[in-house]
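Overview (structure and organization)
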Amino acid sequence: LCVCFLSLMLGALTVPFLGAVLTIPRSPDEMVRRAAAAVTRASQAGVRRQIVKLVVPDDQRSYKVFGAVPIQGTSAPEDLDPWPGGLEQQYPIALGLARELLQGVTGASERLITDQVLDAEDACGLVLAQGATPAEDAAVCLFAGCDQLGRLREVDGMAGADRLLCLLNPQFKRLEDFSLWQRGEARSVVFERGYECSFAFEEFACRGEDVKLVGEHGVGWCAFVFLDDGSEGTILHEGALPSRPEYSWLEAQINARHPSPRWARQLSRVDEEGLRFMRRGEEDSGGATECEAPQSESER
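Bear in mind the structure is a predicted one, so any value in this text is a computation, not a measurement.

**Focus: the pairing of strand β7 (residues 164-168)**
Of all five residues in β7, five are buried; the element is thus mostly enclosed. Judged by which residues are buried, β7 turns out to be covered on both faces: Leu 164, Cys 166 and Leu 168 on one side and Leu 165 and Leu 167 on the other are all buried. Looking at chain direction, strand β1 (residues 49-53) and β7 are connected through four bridges and run parallel. Bridging from a neighbouring strand, Ile 51 pairs with Leu 167 of β7.

**Things to note about the pattern of salt bridges**
Going through the model one piece at a time under the given rule, you end up with 14 salt bridges. Across the pair Arg 34 and Glu 216 runs a salt bridge, and its minimum N-O distance is 2.8 Å. Linking Arg 34 in helix α2 (residues 28-44) with Glu 216 in strand β9 (residues 209-216), this pair joins segments that are 182 residues apart in sequence. Classification of Arg 34 as buried rests on a relative accessible area of 14%. Residue classification places Glu 216 among the buried positions, given a relative accessible area of 8%. Ionic contacts of the salt-bridge type, sharing partners, join the residues Arg 26, Glu 30, Arg 34, Arg 41 and Glu 216 into one network.

**Observations concerning the packing of aromatic side chains**
When we look at a pair of aromatic rings, we describe it by the centre distance and by the angle of the planes. Within this structure, the stated rule accounts for three aromatic pairs. For the pair Phe 178 and Phe 191, a centre-to-centre distance of 6.0 Å together with 90° between the ring planes defines the contact as edge-to-face. Here Phe 191 lies in helix α5 (residues 183-191) and Phe 178 lies in the loop between β7 and α5, a separation of 13 residues in the sequence. A residue is classified by how much of its surface remains accessible, and Phe 191, at 35% relative accessible area, is partly exposed. Among the aromatic residues, ring-to-ring pairing joins Phe 172, Phe 178 and Phe 191 into one connected group.

**Topic: the nonpolar core**
Among the nonpolar cores identified, the biggest contains 42 residues, and Val 52, Leu 54, Leu 101, Val 140 and Phe 199 are the most heavily contacted of them. For this core, the secondary-structure elements that each account for two or more residues are α2, α3 (86-106), β5 (124-129), β6 (138-142), β7, β8 (196-206) and β10 (220-226). Here this core takes nine residues from α3, the largest share from any one element. Sequence-distant contacts of Leu 54, defined by excluding residues within four places in its chain, comprise Met 31, Ala 35, Leu 97, Leu 168, Asn 169, Phe 199 and Phe 201. Counting 21 residues, the second-largest nonpolar core is a separate cluster that includes Cys 141, Ala 144, Leu 149 and Leu 152.

**Digging into α5**
The α-helix advances 3.6 residues per turn, and as a result positions three or four apart in sequence lie on the same side. The set of residues buried in α5 consists of Ala 186, Val 189 and Val 190. Along the long axis of α5, the arc covered by the buried residues comes to 85°, so they all point the same way. Packed against the buried residues of α5 are α4 (149-159).

**Brief notes about the packing of α4 against α5**
Here α4 crosses α5 at 35°, and the two axes come no closer than 10 Å. Here the hand of the crossing between α4 and α5 comes out left-handed. Between α4 and α5, the contacting residues are Leu 149, Gly 150, Leu 152 and Arg 153 on the first element and Glu 185, Ala 186, Ser 188, Val 189 and Val 190 on the second. In terms of residue class, the contact of α4 with α5 is made up of five nonpolar, two polar and two charged.

**Quick look at the sheet that holds β10**
Overall, mixed pairing links the nine strands, which are arranged β4-β5-β6-β7-β1-β8-β9-β10-β11 in an open sheet. Two strands in the sheet have a free side with no partner beyond their single neighbour: β4 (113-119) and β11 (234-235). By the bridge criterion, eight bridges tie β8 to β9 in an arrangement that is antiparallel. Within β9, the position partnered with Phe 201 by the bridge is Val 214. Docked against the sheet, helix α6 (residues 247-257) engages β8, β9, β10 and β11, running at close to 50° with respect to β8.

Reading the values: the criteria
- Residues numbered from 1 in each chain as written.
- Predicted model: local features only at pLDDT ≥ 70, side-chain atom pairs only at ≥ 80, totals over all residues.
- Heavy atoms only, no water.
- Buried < 20%, exposed > 50% of the residue type's maximum accessible area, 1.4 Å probe, protein only.
- Helix = DSSP H or I, 4+ residues; strand = E, 2+ residues; numbered from the N terminus.
- Pairing = 2+ DSSP bridges.
- Salt bridge = Lys/Arg side-chain N within 4 Å of Asp/Glu carboxyl O.
- Phe/Tyr/Trp six-rings, centres within 6.5 Å; stacked < 30°, edge-to-face > 60°.
- Core = buried A, V, L, I, M, F, W, Y, C linked by side-chain atoms within 4.5 Å.
- Contact = heavy atoms within 4.5 Å.
- Arc of directions from axis to C-beta.
- Axes fitted to C-alpha atoms, helices over the stretch in contact; angles between N-to-C directions.
- Left-handed = near helix turned anticlockwise from the far one by under 90°.
- Nonpolar A, V, L, I, M, F, W, Y, C, P; charged D, E, K, R; others polar.

Have a look at this one:
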């Protein structure tokens, strides 16, 4: 009895509580683990249609080939587009995330997880996991876009009302993303099916600053701003937010808490330290210049 009670207590401690301040995932593994836990909590609460948003890690492969078109993968900070191959380049990496997610949710082994391409042109795929019972089977549709409504309808019918179906990084957010002649089908296939976002880790720019959002089912949402490259993120509010914050709200919080924009901070740094190419000689010599050499021990 004591052992069981202790196990229950330890399990309770690992579940975040409503309103807790979330942290930013420190690695892709942590991101997927937390996503799987959030999806499981939502599924246990009866949510069978879920949306999951993950940050696809940088492509570290040195060379990729999509069809007959070679694409050199990059991940350097100065690159304007780290994904020159678009969703096709992201697909194999995101597919691995989807498989790990379903493993964490269903407990299925690697051999019980299968995947297939639904639309090669738009890099849309489907991952299926066989659970302990047919009712515990689950599916993830990867990169579903506006042109995959027909395939998504088929997948939804295959999953049925009682099985879990997740949309991982869907390429639409609202009904207005669809064309006028698609919106009727989009309502019935997506927006009237009760989809809820169970986990999200998002990165984007707001007022020229880097912002990261984290949301988990049963906990809430937290927003962080990174004012300078390499800086620690600063949370923009107290506690967790009950819903995903709008862009205008984030911008207002940044303006109120950090009124000086990035370009103004960079100009101030130039005024204080000089241009970077003028500082290079000083940085390379560890701060010493020809006019002011460091003293030796005897001189001290």
